[in-house]
Amino acid sequence: GIVDEGVKILTSNRPIADFGKLLHLSWELKKSLTKKTSSLYTDFVYEEALKAGAIGGKVLGAGGGGFMLLFVEPALQKRVDERLKLLQVPFKFENSGSEVIFHG
C-alpha cells in the first residue's frame, strides 16, 4: 500500500513533502517489526534530523554499513547538515539505475 501511495504522490500534483511523510511512516512501520531494525545511534541521528527540519527518511543498505536517506526541503538542508555533521552524499535520479559515485 505504501508503494502505491508513493506512486500516486510522485505522479500527481500532490505536494512532494507528502513523499517525505510517507518515508517517515514506512521507517516507523519497519522499526516496529523488530528491535534489530535500528540502533540507539541510528534512532538518535534520525531524531536529530527531524528536529532540524527533515520530514522523513529511512536506512538503506545497512548490515555493517549503509546510508540514511533523509527527505529535507531545500531551505532546511543546510540546517540538517550542520546539526548532523555527517558525510553527505549527493544523488540525483537516473533512468539507467544506480552507479557508484563515492568509494571511501
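Before reading further, recall that the structure is shown in the block above.
Attention here is on the structure that accompanies the text. For clarity, every value in this text was computed on a predicted model and none was experimentally measured.

### Notes on the side chain of T42
Next, step 1: Residue position: T42 is located in helix α3 (residues 40–52).
Next, step 2: Ignoring anything within four residues of it in the chain, the contact list for T42 reads W27, V59 and M68.

### Remarks on unusual backbone geometry
Next, step 1: The backbone of K85 sits at a positive phi, close to 50°, despite the residue not being glycine.
Next, step 2: Structurally, K85 can be placed in the segment after α4 (77–84).
Next, step 3: Taking relative accessible area as the criterion, K85 reaches 70% and is therefore assigned exposed.

### A word on the pattern of salt bridges
Next, step 1: All told, the structure shown has 7 salt bridges when counted by the stated rule.
Next, step 2: Across the pair R14 and D18 runs a salt bridge, and its minimum N-O distance is 3.4 Å.
Next, step 3: Look at R14 and you get partly exposed, because its relative accessible area is 34%.
Next, step 4: Between D18 and K21 there is a salt bridge, and its shortest N-O distance comes to 3.9 Å. In this pair, D18 and K21 are both assigned in helix α2 (residues 17–33), 3 residues apart and thus about one turn of the helix distant.
Next, step 5: Given the relative accessible area of 52%, K21 is considered exposed.
Next, step 6: Three or more residues are tied together by salt bridges with common partners; here these are E5, R14, D18 and K21.

Each value, and the rule that gives it
Residues numbered from 1 in each chain as written. Predicted model: local features only at pLDDT ≥ 70, side-chain atom pairs only at ≥ 80, totals over all residues. Heavy atoms only, no water. Helix = DSSP H or I, 4+ residues; strand = E, 2+ residues; numbered from the N terminus. Contact = heavy atoms within 4.5 Å. Buried < 20%, exposed > 50% of the residue type's maximum accessible area, 1.4 Å probe, protein only. Salt bridge = Lys/Arg side-chain N within 4 Å of Asp/Glu carboxyl O.

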